[in-house]
Amino acid sequence: MIPATSITDEHKLNSLAADELVVGKGGFGKVYKGYLQGLVVAIKRLDSFSNQGPNEFMTEIQMLSKFRHCNLVSLIGYCSDGDEKILVYEFMPNGTIEHHLHKACTPLSWIDRLKISIGAARGLDYLHTGVGTQEGVIHRDVKSSNILLDENWAAKISDFGLSKVGPINQPSSCVSTLVKGTFGYLDPEYSMTGHLTRKSDVYAFGVVLFELLSGRRAVDRSFDEDEWGLANWAQQRVKERRLDQIVCSQISGQVSPKCLKEFTQIADRCLRSSRKDRPTMAEVVVALQLSMTLQQQFITSTQLAGAIGFTNLMQKYLVFGTKNTSVDSEPKKSRDEGYSGDFEQLMNQEVKIYSYSDMEVVTRNFSREMFLGRGEFGEVFRGWFDKKTYRPSKLDRGLAVAVKRLYSDKFEPRKLNMKILEEFKDANVVKVLGYCVEDESVLIVYEFMHRGTLKDYLFSSERRTERHELITRVKIAIGVGRGLVFLRTQPQLADGSLRIHNIFLDKEFNIKLSDFDVVMLAPTNRDFQPSSSYDLELTIDVFGFGVILLQLLSGKPISESGDLTQIKHCFPGEYGFVSMQSIYSALDDRLRLNFPMRRQVFQLALLAQKCVLEEPLQRPTLELALEEVEEIYDIMLKSENSTDN
């Protein structure tokens, strides 16, 4: 925490009086935008006429000092000097949800609103479960004006002045207290009895969810009297199955029917009159993540349908168009010389069939000098192709390739469906250039991965002196995530697994996964011997993604579950107090870090922890985890570009 004396001198206090710096006002007092030690901050100053007083002031400090999470506003410092009571927070440049929905009328898309709801739900879930402590927090004033948005539109819960602490081992326990909160968001049972529980926050959050969906205020007297309250109005629409009437005009047509049904169902459950019928915030997070998945699937299917329609239209035009219409069969050259052009050509290159004699030429008759190693499925040799013709080259230049000779005792050529090699294509899978099947021999030709495996890149003793950029590690994580998303679309790989030595890097640190095409060649024959260089088998889901992310951050190998547990302790996340010092001390010491990237490191460490939580329902979906890493990468790129300029 910043010491109180650092913000109490007369000049700084007087500067707070400038009205042009006022960015908000609440029950506590005015909020100013300011600058402190090079940081843009929000400064909340207690008004002498405020309804809130010293008790709420100290509650806010205690809560935000004890509980830290990426979806909670961070307290940077405070000042308590006589009657002057000041709180200093990280600055939230995009203000509150309430401002965008009801004042600025910002055209937030449905995806934006879903992201906001998921972020806010995660923040509340963290408070309720008392992460790393024996106590949880009841916020008591959940509403759209207390959910702030940072520069990336990530939601953060704020204003803890009315919060109450309670034991987490008694989820249904209540706190008897004077009724406080905001009309329209108040739990009816709390209002009648004065008994406050976590489910009171859940009720208020249900109102916020319907607020995001409908664009209506929690209480709006411009409607007929029986429709003033958003909660009752929305519940009635759900009961009558008129869900489309809840959707505001700004997002009309954007919300998929399945997503709308899931979203309104969880929001309606939050508003149940009986507390025992309301979900926990953990259940709310899961339901909202499912809503996002359903929406993304809808968007993907819509885009695919549009692409198919466009393809059909183009085919029709090419068939029935003018006689002078022609299609250039030669691939267009890239403006950039070198590897990028080669890569584009590779991705467009059709899979060729080669003879065994071709393979002997490429590998110098499978000589030891061309030998690269052996794995689970066969031996691998280096070779060279002519860049233009993709024919074997006797010269040690041109296009480098890797030739995998499958073990003859593990594969029966006549049973292999080689057509799979032509269909198994993705930017994050090692590209197959061709294959050879002759007699009992099966060989596959791949693009060559110049930087080797991710395992060697991270852990080999020869490369321990290399310095690495954090942004490169994040790029690698994105490649792994995208590759896993692709693998999950392949039914034959549903029970497959990933190992770090099956993850390769090309010249530009693009990630390529290997060996999965071989598994699909003979899906019924899985009795292969494990690799001599053993590493942990990872599931093709968000857990496997989290393990890779932990290894990228720590630079330490995870070969067994015990290693995973040890590294998880080095990165305290969802269930442990998080400090920047603990995260930095656990990072790979080869990483170059600059000061502006501290927040991104923090976010990545928290995400990695969430991905490997023991309870699967508490983990994010793979798609959401990947999306979060992509957002972090975009921020880092912008930061680098601004620094270069």
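Analysis parameters
- Residues numbered from 1 in each chain as written.
- Predicted model: local features only at pLDDT ≥ 70, side-chain atom pairs only at ≥ 80, totals over all residues.
- Heavy atoms only, no water.
- Salt bridge = Lys/Arg side-chain N within 4 Å of Asp/Glu carboxyl O.
- Buried < 20%, exposed > 50% of the residue type's maximum accessible area, 1.4 Å probe, protein only.
- Pairing = 2+ DSSP bridges.
- Helix = DSSP H or I, 4+ residues; strand = E, 2+ residues; numbered from the N terminus.
- Polar contact = N/O pair within 3.5 Å; in protein donor to acceptor, adjacent residues only side chain to side chain.
- UniProt positions renumbered as here; feature names shortened; annotations may be inferred.
- Contact = heavy atoms within 4.5 Å.

*Asks:* Lay out the pattern of salt bridges in plain terms, naming residues and giving numbers.
*Replies:* Applying the stated criterion across every chain, the model contains 25 salt bridges. With a shortest N-O distance of 2.8 Å, Glu379 and Arg374 are connected by a salt bridge. With relative accessibility at 14%, the residue Glu379 sits in the buried group. For Arg590, the salt bridge goes to Asp588, with nearest N and O atoms at 2.8 Å. Classification of Asp588 by relative accessible area gives buried; the value is 4%. Bridged by salt links that share partners, the residues Asp187, Glu189, Arg275 and Arg278 form one connected network.

*Asks:* Give me the lowdown on the pairing of strand S3 (residues 39-45), citing residues and values where you can.
*Replies:* Sheet topology places strand S2 (residues 30-36) next to S3; six bridges connect them, and they run antiparallel. Across the sheet, the residue bridging to Gly34 is Val41, located in S3. Taking the residues between adjacent antiparallel strands as the criterion, S2 and S3 are bridged by two residues, where Gln37 takes a positive phi near 50°. As defined by bridge partners, S3 adjoins strand S5 (residues 84-90) across five bridges and the pair is classed as antiparallel. Bridge pairing in S5 links Arg45 to Ile86.

*Asks:* With reference to specific residues and values, describe the pairing of strand S13 (residues 371-374).
*Replies:* The sheet contact formed by S13 and strand S14 (residues 378-385) spans three bridges and is antiparallel. By the bridge assignment for S14, Phe371 is matched with Phe381. With antiparallel pairing between neighbouring strands as the criterion, S13 and S14 make up a hairpin whose turn holds three residues.

*Asks:* Can you lay out the side chain of Glu447 for me, pointing to particular residues and giving the numbers?
*Replies:* The topology assignment puts Glu447 in strand S17 (residues 441-447). Reaching out from Glu447, the side chain makes a polar contact with the side chain of Lys512 at a distance of 2.9 Å.

*Asks:* Please give an account of the UniProt feature "binding site: ATP" (unreviewed entry) in the protein that cites residues and values.
*Replies:* Using the residue numbers shown here, the UniProt feature "binding site: ATP" (unreviewed entry) corresponds to Lys44 and Lys404. You can see Lys44 is positioned in strand S3. Relative to the helices and strands, Lys404 is located in strand S15 (residues 399-406). According to the relative accessible area criterion, Lys404 is buried, its value standing at 8%. Excluding anything up to four places from it in sequence, Lys404 contacts Glu379, Val380, Val442, Leu443, Ile444, Tyr446, Asp515 and Val518.

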